[in-house]
Amino acid sequence: MEELLSKIAHCVEFGKVDKTAPYPPDMKGQEGADELTKQAIEQGIPAETILKEALVIGMDKVGVKFSEKKIFIPQMLMSAKAMNAAIEHLKPFFQSGEVKRKGKFIIATVQGDLHDIGKNLVKMSIEGAGWEVIDLGVDVKAEKVIASIEQNPGAIVGLSALLTTTMANMKNSVADIKAKYPESIVMVGGAPVSQGFCNEIGADFYAPDPQAAVAFLKAK
Amino acid sequence: MKGLEIIKKAFSLEEVDRVPWVPFVGCHGANITGVTAAEYLKSADLIFNGVSKSIEIYNPDGIPVVFDLQIEAEALGCQLAWSDDNPPAVISHMLSEGKSLSDLRIPTVHDGRIPVVIEATRKIRKAYPDIALYGLITGPYTLALHLLGTDIFLKMMEAPVEVHELLEFTKKVGLAMTKYYIDAGCDVIAVVDPMTSQIDPGSFEMFVHSPAKEIFDFIRSEEKLSSFFVCGHAQQNIEAMCATGPDNVSIDENIPLDFVRDIALKNKISFGGNLKLTVVLLMGTPDDARRDAMECIDLGGKKGFVLAPGCDLPGDTPIENIQAVSELVHDEYLQNVERAKEKSDIQLDLLNMKDYGRVNKVIVDIITLDSESCAPCQYMVEAVKRIAPYFEGIVEWHEHAIKKMEAVTFMSSLLVKNIPTICIDGKIAFVSKIPPQNELIAAIQKRINEKLKLIISSQKAEILILGISEQECQLAKDKVELAIKETGKEILVKTSTLQTDREKFGVLNTPSIVLTEHKIKAQGDVPSVDVIKEWLKEI
């Protein structure tokens, strides 16, 4: 069982999706996250164990390598693809409630901003760390985020902005959210965002990369 | 020297007298001329107005025609979402929506908004023949991303051949745009490829190196200058960017300027950046802007560096912040002041100056950079020197040149912010402007009068009459009180017949009169030892 789990973790870490995937070149022809996860479930390994002892571990390594700039978006997306292939097999167990999530995370790119790569990377890292992620998409108004908090009390919010020009909207969104839900925790990120900006707009946490976002949630 | 001439020098790594300055005005040009970004980026006339206004108020050496990385994608058929204060965003990626590469044609000079920007280029060129005019083209990787969407990241791994073909195409688009801009009169072609910040050096080498290199080679063959712009965390690729052979690389605040400087200069390439766009230029004050610009100028140096914002200036960046940068660039004196202020920020060990200037003489302090090398400082010192003889023996003056640390401490302690400044008895009297002789004399005279008044009013005295008997004391007291009355003073008169009091003052014969003066030297706070020593000299 342990060997199988560590193989799945390895596939997630290196972005091996399935047997036919050409990437990574040194794993050509080998089974990927898809096949191995299926086998794990057939062998009766609990979904929660697969999540915690294979996927989370694999994604952790990916996150660390990404924040250390050893890998970049293309590699990270391959890992995400591999993880999603595995998650597909676990979904029924999430829905039945057999696997408990750590909490809820609402994510959105702010109003006026159409960038989604960064948001998606954070989303999948957080999902990979065992949280339920509610993705509101791009160009999201503060009201929509507030409505989502209403439906998901206690959820932590993550906002992304990729343009210097939409950072102003991020500031307004944080203010609106905090006005309605002063207790809510809002995390911000995106290329032009900085710790200084985060402090200035009264957000709770600045995540320079997905790994930092995951680490922040872990500490919650 | 200014404009294209100084940019050329910087690009060829020759030493310049001052750092050249290129504000990246894009939709900010719309903001300062009162139109929306959407109107602006669709009209050659409005672009011309915005650029003209920027040249007028920011006094730049170079300026981009527009900062819009969607022009090529739009001309190729991608849909844009327009916004009032931002550049548009590409919202449809044709190659992931059913089209294939063979359906796409290299845009001609008549497609999309290309004629708008080309006409704007011609007009700006004609009106400003000496400025370095930058034509910005979408870098091959960023354009590929516009066309294919984020699928490109996975395709680089899973279908590299397809990505190579796509980059081959976007390179051709880049070459065509380069030609259009050069023909319309641009001096510098900037290949703007921000999305390369998202990939590793291996992928950069594999997919971006040769398309970019071909574009830079072409620009060189046309005898024009080239720059490679990137924004975001792209440290990993700076070396790889230099290897594609641009004349200059330009980066934003996400990468330390000295890091880029070292790599660029090692590769014999000029470099530029990296004024902080948001926290400083957009949200900061002119003071913040000056401080940041000074740091960039000092890090960049006078060989190969071009001062610029990290990327497209946000539309509503306050004009005064950009002007503060411009003024600093053109004024070496301001730069020296800024450098000195940086020093004073570090210094926290301030002197207690509350009781400064309580001596009898009037003290005039002139805070300067150094009267030998800074003309305004020199004139200010001379102004004081000239009037000093009028107050011979009453006024003492000192110059504090803040090239020395003690002087910086002194300046900060007196809360002086500008240079040169004249302080009279520790109070700021004249800031930056050289006072006319009569004003300076009047100011000092005023202080002398004040001081005299203060000295008189602060002198409280007490007279103690010592005697053997009350009767003996009374006799002396009557005379003293008469004298006090006639001189109009307020002096307390006390009598004492106690032997202990006589012993205290060492009085042998009675009656005796003891006069005690009280002078308030400090109130509400403990002065420094130096200040106290000054008082003691009077005794």
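Predicted, not measured: the structure shown is a model, and the values here were computed from it.

1. Remarks on the overall build of chain B
Okay, step 1: Each helix and strand counted, chain B has 22 helices and 16 strands in total.
Okay, step 2: Relative to a compact globule of 539 residues, whose C-alpha radius of gyration would be 24 Å, chain B shows 36 Å and is clearly more extended.
Okay, step 3: For chain B, contacts bridging at least 24 residues in sequence account for 72% of all contacts bridging at least 6.
Okay, step 4: Put simply, chain B shows about 24000 Å² of open surface, and 53% of that area lies on carbon and sulfur atoms.
Okay, step 5: Averaging the coordinates of the 57 positive side-chain charges in chain B and doing the same for the 79 negative ones gives two points 7 Å apart.

2. Points about empty space enclosed by the protein
Residue and element names in this part refer to chain A.
Okay, step 1: Evaluated as defined, the whole model comprises four cavities of 30 Å³ or more.
Okay, step 2: Space inside the largest cavity adds up to approximately 50 Å³.
Okay, step 3: Surrounding the largest cavity, Val 56, Met 59, Asp 60, Gly 63, Ser 125, Gly 128, Ala 129, Gln 211 and Val 214 form its lining.
Okay, step 4: Elements that contribute at least two residues to the lining of the largest cavity include exactly helix H3 (47-67), helix H5 (117-128) and helix H9 (210-218).
Okay, step 5: Looking at the lining of the largest cavity, the element that brings in the most residues is H3, giving four residues.
Okay, step 6: Considered class by class, the residues forming the lining of the largest cavity number four nonpolar, four polar and one charged.

3. Here's the deal with unusual backbone geometry
Okay, step 1: Here Tyr23(A) and Pro24(A) are connected by a cis peptide whose omega angle stands at -10 degrees.
Okay, step 2: Take Pro24(A): it is sitting in the loop between helix H1 (2-14) and helix H2 (33-42).
Okay, step 3: Positive phi outside glycine occurs at Asp139(A), with the angle close to 50 degrees.
Okay, step 4: In this fold, Asp139(A) is placed in the loop between strand S2 (132-135) and helix H6 (142-151).
Okay, step 5: Of note, Lys268(B) is a non-glycine position whose phi angle comes to about 60 degrees, a positive value.
Okay, step 6: Tracing the chain through its elements places Lys268(B) in the loop between helix H12 (257-266) and strand S8 (270-275).
Okay, step 7: Among the residues examined, Lys268(B) registers a relative accessible area of 66% and is labelled exposed.

4. Quick look at the sheet that holds strand S1 (residues 62-64) of chain B
Residue and element names in this part refer to chain B.
Okay, step 1: Across the sheet, which stays open at both edges, the seven strands sit in the order S1-S4-S5-S6-S7-S8-S9 with parallel pairing between neighbours. In the strand order of this sheet, the two ends are held by S1 and strand S9 (305-309), each with one partner. Averaged over all pairs of adjacent strands, the angle between strand axes in this sheet comes to 25 degrees, irrespective of strand direction.
Okay, step 2: Looking at chain direction, strand S5 (residues 188-192) and strand S6 (residues 225-229) are connected through five bridges and run parallel. Bridge pairing links Val 191 to Phe 228 in S6.

5. What about the confidence of the model for chain B?
Any region with low pLDDT has predicted coordinates that should not be read closely.
Okay, step 1: When pLDDT is averaged along chain B, the result is 89, and 96% of the positions lie at 70 or above.
Okay, step 2: Complex prediction metrics read pTM 0.73 and ipTM 0.76.

6. Focus: the nonpolar core
Okay, step 1: Of all hydrophobic cores here, the largest spans 163 residues; its most connected members are Tyr134(B), Tyr141(B), Leu147(B), Ile152(B), Phe153(B), Tyr181(B) and Leu307(B).
Okay, step 2: Counting residues per element, this core draws most heavily on helix H4 (residues 73-96) of chain A, which supplies 12 residues.
Okay, step 3: If sequence neighbours within four positions are ignored, Phe153(B) has contacts with Ile73(A), Pro74(A), Leu77(A), Ile117(A), Tyr141(B), Leu145(B), Met195(B), Gln198(B) and Ile199(B).
Okay, step 4: Val157(A), Val174(A), Val186(A) and Ile201(A) belong to the second-largest nonpolar core, a separate cluster that totals 25 residues.

7. Digging into the pairing of strand S1 (residues 104-109) of chain A
All names here are of chain A.
Okay, step 1: Burial analysis of S1 places five of its six residues in the buried class, which makes it a mostly covered element.
Okay, step 2: Note: S1 against S2, four bridges, orientation parallel. Residue pairing in the sheet places Ile 107 in a bridge with Asp 135 of S2.
Okay, step 3: A crossover links S1 with its parallel partner S2, the connecting element being H5, and its sense is right-handed.
Okay, step 4: Both S1 and strand S3 (residues 156-160) contribute to a ladder of five bridges, which runs parallel. In the sheet register, Thr 109 faces S3, and the bridge partner there is Ser 160.

8. Things to note about the domain arrangement of chain A
All names here are of chain A.
Okay, step 1: Partitioning chain A into structural domains gives domain 1 (2-96) and domain 2 (104-218).
Okay, step 2: A C-alpha centroid distance of 26 Å is found between domain 1 and domain 2.
Okay, step 3: Counting residues at the interface gives 15 residues for domain 1 and 12 residues for domain 2.
Okay, step 4: Of the roughly 1100 Å² buried between domain 1 and domain 2 on both sides combined, carbon and sulfur atoms contribute 74%.

9. Regarding the packing of helix H8 (residues 151-158) of chain B against helix H9 (residues 160-184) of chain B
All names here are of chain B.
Okay, step 1: Their axes nearest at 6 Å, the elements H8 and H9 cross at an angle of 120 degrees. It follows from the interaxial angle that H8 and H9 lie oblique. Residues Ile 152, Lys 155, Met 156, Met 157 and Glu 158 of H8 form the contact with H9, whose own contacting residues are Pro 160, Glu 162, Val 163 and Leu 166.
Okay, step 2: Residues belonging to the contact of H8 with H9 are distributed by class as follows: six nonpolar, no polar and three charged.

10. A closer look at the side chain of Asn237(B)
Okay, step 1: In this fold, Asn237(B) is placed in the loop between S6 and helix H11 (238-242).
Okay, step 2: Aside from chain neighbours lying at most four places away, what touches Asn237(B) is Thr196(B), Ile199(B), Asp200(B), Pro201(B) and Phe204(B).

11. Comments concerning the interface of chain A and chain B
Okay, step 1: Taken together, the contacts link 23 residues of chain A with 30 residues of chain B.
Okay, step 2: For the pairing of chain A and chain B, the buried interface totals around 2200 Å² over both sides, and the portion due to carbon and sulfur atoms is 70%.
Okay, step 3: On inspection of chain A and its partner chain B, the count reaches one salt bridge.
Okay, step 4: Lys81(A) is paired through a salt bridge with Glu158(B); the nearest N and O atoms lie 3.2 Å apart.
Okay, step 5: Across the chain A-chain B interface, the total number found is three residue pairs in polar contact (both at pLDDT 80 or more).
Okay, step 6: The set of elements that each furnish at least two residues to the side of chain A that touches chain B consists of H4 and helix H8 (195-201) of chain A.
Okay, step 7: Looking at which element gives the most residues to the side of chain A that touches chain B, the answer is H4(A), with six residues.

12. Brief notes about the packing of aromatic side chains
All names here are of chain A.
Okay, step 1: Inspection of the entire model under this criterion finds eight aromatic pairs over all chains.
Okay, step 2: For the pair Phe 205 and Phe 216, a centre-to-centre distance of 4.1 Å together with 15 degrees between the ring planes defines the contact as stacked. Of this pair, Phe 205 sits in strand S5 (residues 205-206) while Phe 216 sits in helix H9, placing them 11 residues apart in sequence.
Okay, step 3: In this structure Phe 216 comes out as buried when scored by relative accessible area, which is 14%.

About the thresholds
- Residues numbered from 1 in each chain as written.
- Chains lettered and ligands numbered in written order.
- Predicted model: local features only at pLDDT ≥ 70, side-chain atom pairs only at ≥ 80, totals over all residues.
- Heavy atoms only, no water.
- Helix = DSSP H or I, 4+ residues; strand = E, 2+ residues; numbered from the N terminus.
- Rg over C-alpha atoms; globule rule 2.2 N^0.38 Å.
- Contact = heavy atoms within 4.5 Å.
- Areas by Shrake-Rupley, 256 points an atom, 1.4 Å probe, with all protein chains shown as cover.
- Lys, Arg positive; Asp, Glu negative; His and termini not counted.
- Charge placed at Lys NZ, Arg CZ, Asp CG, Glu CD.
- 1 Å grid on protein atoms, 1.4 Å probe; cavity = no way out; pocket = protein on both sides within 12 Å on 5 of 7 lines; lining within 4 Å.
- Points joined across faces, edges and corners; volume = space filled by probe spheres on them.
- Nonpolar A, V, L, I, M, F, W, Y, C, P; charged D, E, K, R; others polar.
- Buried < 20%, exposed > 50% of the residue type's maximum accessible area, 1.4 Å probe, protein only.
- Pairing = 2+ DSSP bridges.
- Axes fitted to C-alpha atoms, helices over the stretch in contact; angles between N-to-C directions.
- pLDDT = per-residue confidence, 0-100.
- Core = buried A, V, L, I, M, F, W, Y, C linked by side-chain atoms within 4.5 Å.
- Right-handed = clockwise from strand over helix to strand, strands pointing away.
- Domains from an automatic or database assignment.
- Buried area = accessible area lost by both parts, 1.4 Å probe.
- Parallel < 35°, antiparallel > 145°, perpendicular 65-115°, else oblique.
- Salt bridge = Lys/Arg side-chain N within 4 Å of Asp/Glu carboxyl O.
- Polar contact = N/O pair within 3.5 Å; in protein donor to acceptor, adjacent residues only side chain to side chain.
- Phe/Tyr/Trp six-rings, centres within 6.5 Å; stacked < 30°, edge-to-face > 60°.

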